[in-house]
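An overview of the molecular structure
Here are the chains, one letter per residue:
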Amino acid sequence: MKRTTLLLALLASLNVPASAMAADAPVPARALGADNFYRSPTVKGERVSFHNQYQMEVVGTLYRPQGLPGGSRAPAVVVGHPMGAVKEQSSQLYAQKLAEQGFVTLAIDLSFWGESAGAPRHLVAPEIYSDDISAAVDFLSTQSFVDPDRIGGLGICGSGSFVISAAKIDSRIKAIATVSMYDMGAAARQGLNNGQSLEQRKAVIQSATDQRLAEFKGGAPVFVPGTVNQLDADTPAIQREFFDFYRTPRGAYTPKGDKAELTTQPLFSSLVKFMNFYPFNDIETISPRPMLFISGDAAHSREFSEDAYRRAGQPKELYWVKGAGHVDLYDRTPLIPFYKLTTFFQRSLAAK
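Structure report, in brief. (Residues numbered from 1 in each chain as written. Predicted model: local features only at pLDDT ≥ 70, side-chain atom pairs only at ≥ 80, totals over all residues. Heavy atoms only, no water.)

1. Digging into helix α8 (residues 237–246)
Because an α-helix completes one turn every 3.6 residues, residues spaced three or four positions apart along the sequence face the same direction. Where burial is concerned, most of α8 is hidden: 7 out of the 10 residues are buried. Considered for burial, the residues of α8 that qualify are Ile 238, Gln 239, Glu 241, Phe 242, Phe 243, Phe 245 and Tyr 246. (Buried < 20%, exposed > 50% of the residue type's maximum accessible area, 1.4 Å probe, protein only. Helix = DSSP H or I, 4+ residues; strand = E, 2+ residues; numbered from the N terminus.)

The following block contains the structure:
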């Protein structure tokens, strides 16, 4: 693959939209308090597995609140990780914090990532990702300590769009919250602020289909950098933001069987599947189930939360975290409004 076409693919990928190269990207607040690998003193995680509707094994970490009375049923929340990440990155932090407030929570690995099944690894498959969310609802609905009528969904970064996609066709998801959401379809088609032209999009599609055929013929797979492995003088600000999380001890995590240099990197030949992904179409049909969109007011991704909020039906809320960038809300606990998520799910998943 030519370097120029690979660069175009990179610009259309999940972490560096084209406009990041064409305009100054906001530098996120460098708040202290990053705690991605938080371990709660009061709730313990349990590895669980179940199958989605494609009969693929989905693996997650289940957390139960302390002191749940025997025979009682608690509200539950499914938590999805950032695109290209795994459950150990951001989602388990959120799951533990919510479990401490009385929710049963389940942080899952999306199919083709982490411990969940799927080959080839790192395949982009938004329909299957969304089904993983519904499969997690299936699992929670069968647990004796969960109230199946009080299950919500929380998506971080790309999983925000997958949770919305799932909720549109799964009425069991009674409340939906997103944090630092990316519309993975829009990001692939047009980049930030419509910064990718149609010609660039077509070049990516051509390169990806050429690579798909090469792999069909037995060629080696190509992975597009979701996050670069090294910084140089030309590395864009947004890539530096992701690098600070994924490529440093702050948030770096390599699942068993994966390679550290390939973490976060999607399979290039499948990346174009995002161009057929329109999670915000018909988002208004989720109403009257409540929706909460949380974003940093300095986040490069803020446009996606704004777009979803504009289209969604009532009840809905868009909550801005002052001074926070996109990745800040992955793990910088002093900035993350856990109280806002807690009150939202307490209210939305209250017993009838």
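2. Some details on the environment of Ser 348
When you line up the elements, Ser 348 lands in helix α12 (residues 338–348). Residues contacting Ser 348, with those up to four places away along its chain left out, are Ala 175 and Pro 290. Engagement of the side chain of Ser 348 in a polar contact is seen with the backbone oxygen of Phe 344, the distance being 2.7 Å. (Contact = heavy atoms within 4.5 Å. Polar contact = N/O pair within 3.5 Å; in protein donor to acceptor, adjacent residues only side chain to side chain.)

3. Re the pairing of strand β2 (residues 57–63)
Side-chain direction in a regular strand flips from residue to residue, so the side chains alternate between the two faces of the sheet. For β2, the tally of buried residues reaches 6 of 7 residues, placing the bulk of the element in the interior. Where strand β1 (residues 45–51) and β2 come together, 7 bridges link them in antiparallel fashion. The residue bridging Glu 46 from the neighbouring strand is Leu 62, located in β2. Counted along the chain from β1 to the antiparallel partner β2, the turn is 5 residues long, and its residue Gln 55 has a positive phi close to 60 degrees. Here β2 pairs with strand β4 (residues 104–108) via 4 bridges, running antiparallel. When the bridges of β4 are listed, Gly 60 appears paired with Ile 108. (Pairing = 2+ DSSP bridges.)

4. Thoughts on the sheet that holds β2
Here 8 strands make up an open sheet; going across it, the order is β1-β2-β4-β3-β5-β6-β7-β8 and the pairing mixed. Bordering the open sheet on either side are β1 and β8 (316–321), each of which pairs with just one other strand. Taking each pair of neighbouring strands and ignoring which way they run, the sheet shows an average axis angle of 20 degrees. Along the sheet, helix α4 (residues 126–141) makes contact with β1, β2, β3 (74–80), β4, β5 (146–156) and β6 (173–179), crossing β4 at roughly 145 degrees. Sheet strands touched by helix α10 (residues 302–311): β7 (291–296) and β8. Its angle to β8, the strand with the most contacts, is close to 160 degrees. (Axes fitted to C-alpha atoms, helices over the stretch in contact; angles between N-to-C directions.)

Read these as spatial facts, not as claims about activity.
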